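Residue-level listing of the chains:
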Amino acid sequence: MTSENARKAHIKQKIAAIDWSCYETAYSSLADTPFSKHIENMKKFAQSFTNLFSDDKTIALQASHALWCALCHQHAYVSSAALLAYDILYDGLQILDTDLQMEILDIFYGFAACTTDDAPSHTWQSQLRSKLKQDIQTFQQLTQHPNEDITVFAQNIISTLQEPKEGLS
C-alpha cells in the first residue's frame, strides 16, 4: 500500500468513526427532519466524505459538490457538521489533486464567509473560524500555487478572514 493510499485509508477510518447523525447539514436537521430520514441523510453525507477520497475522479468530484451543498450551501449557510468536516477536508487539501483541492478551498471559503469573529468562543461557529485562522499559513502558501483558481480561492479565504464582520451566524 502506498503512503497516499495508507493516508486515504486512515482518513476513511476517521470518517467512519464519527456519528454524523448528531450534526446538521443544509439538507438535514434534527429539528426539521424525521429522525429516520435524518439518519438516512447523514449516512449519505458520510458516504460523500468517503467518496471524496475515491480513486475514481468523477465520483470524487460529485462528492465534493455534495459536500459543498451540504456544508456551506451557496456560501450563505454553514452547518454544524462543518466543524468536524474541517479536519477531514484539510487532510484532503494536503493529498488530493488540484481539481479536488479547488473544491475543498471553495468549501473553506464558504466557511470563512459564513462565520464571524463575534460568535461566542464556545460555539462551533467560533471554533470553525479559529481552525481556518490557525491554518492561514497554508492558505498563504496556496496564493503562490500555479493554478490560478486555487490562488484566487486562497486569497479570498485570507481576505474574508481578515475583514471585520459581525453578526452573520
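Residues numbered from 1 in each chain as written. Predicted model: local features only at pLDDT ≥ 70, side-chain atom pairs only at ≥ 80, totals over all residues. Heavy atoms only, no water.

Some thoughts on the side chain of Asp-106
Here's step 1: Within the fold, Asp-106 resides in helix 5 (residues 98–113).
Here's step 2: With sequence-adjacent residues up to four places away left out, Asp-106 is seen in contact with Trp-68, Cys-72, His-75 and Phe-153. (Helix = DSSP H or I, 4+ residues; strand = E, 2+ residues; numbered from the N terminus. Contact = heavy atoms within 4.5 Å.)

Some points on the pattern of salt bridges
Here's step 1: Summed over all chains, the structure comprises 8 salt bridges.
Here's step 2: With a closest N to O distance of 2.8 Å, Asp-97 and Lys-57 form a salt bridge. You can see Asp-97 sitting in the loop between helix 4 (81–95) and helix 5 and its partner Lys-57 sitting in helix 3 (residues 57–71), a full 40 residues away along the chain.
Here's step 3: Owing to a relative accessible area of 33%, Lys-57 belongs among the partly exposed residues under this scheme. (Salt bridge = Lys/Arg side-chain N within 4 Å of Asp/Glu carboxyl O. Buried < 20%, exposed > 50% of the residue type's maximum accessible area, 1.4 Å probe, protein only.)

Some words on the packing of helix 5 against helix 6 (residues 124–134)
Here's step 1: Where helix 5 contacts helix 6, the axes come no closer than 9 Å and their chain directions differ by 125°. Relative to helix 6, the element helix 5 is oriented oblique. For the element pair helix 5 and helix 6, the recorded crossing hand is left-handed. In this structure, helix 5 uses Phe-108, Phe-111 and Ala-112 to contact helix 6, whose residues at the interface are Leu-128, Arg-129 and Leu-132. (Axes fitted to C-alpha atoms, helices over the stretch in contact; angles between N-to-C directions. Parallel < 35°, antiparallel > 145°, perpendicular 65-115°, else oblique. Left-handed = near helix turned anticlockwise from the far one by under 90°.)

Concerning the layout of surface pockets
Here's step 1: As a volume, the largest pocket reaches approximately 170 Å³.
Here's step 2: Lining of the largest pocket is provided by 10 residues; of these, Tyr-27, Asn-41, Lys-44, Phe-45 and Ala-70 occupy positions nearest its centre.
Here's step 3: Only helix 2 (35–52) and helix 3 provide two or more residues apiece to the lining of the largest pocket.
Here's step 4: Considering every element that reaches the lining of the largest pocket, the biggest residue donor is helix 2, with 5 residues.
Here's step 5: Here the lining of the largest pocket is built from residues that sort into 5 nonpolar, 4 polar and 1 charged. (1 Å grid on protein atoms, 1.4 Å probe; cavity = no way out; pocket = protein on both sides within 12 Å on 5 of 7 lines; lining within 4 Å. Points joined across faces, edges and corners; volume = space filled by probe spheres on them. Nonpolar A, V, L, I, M, F, W, Y, C, P; charged D, E, K, R; others polar.)

Remarks on the nonpolar core
Here's step 1: Residues Phe-49, Leu-71, Leu-89, Phe-108 and Phe-111 are the most contacted members of the largest nonpolar core, which totals 49 residues.
Here's step 2: Those elements that provide at least two residues to this core are helix 1 (3–17), helix 2, helix 3, helix 4, helix 5, helix 6, helix 7 (136–142) and helix 8 (148–162).
Here's step 3: Counting residues per element, this core draws most heavily on helix 4, which supplies 10 residues.
Here's step 4: For Phe-111, the residues in contact, after removing those within four places along its chain, are Leu-71, Cys-72, Val-78, Ala-82, Tyr-86, Leu-89, Leu-128 and Leu-132. (Core = buried A, V, L, I, M, F, W, Y, C linked by side-chain atoms within 4.5 Å.)

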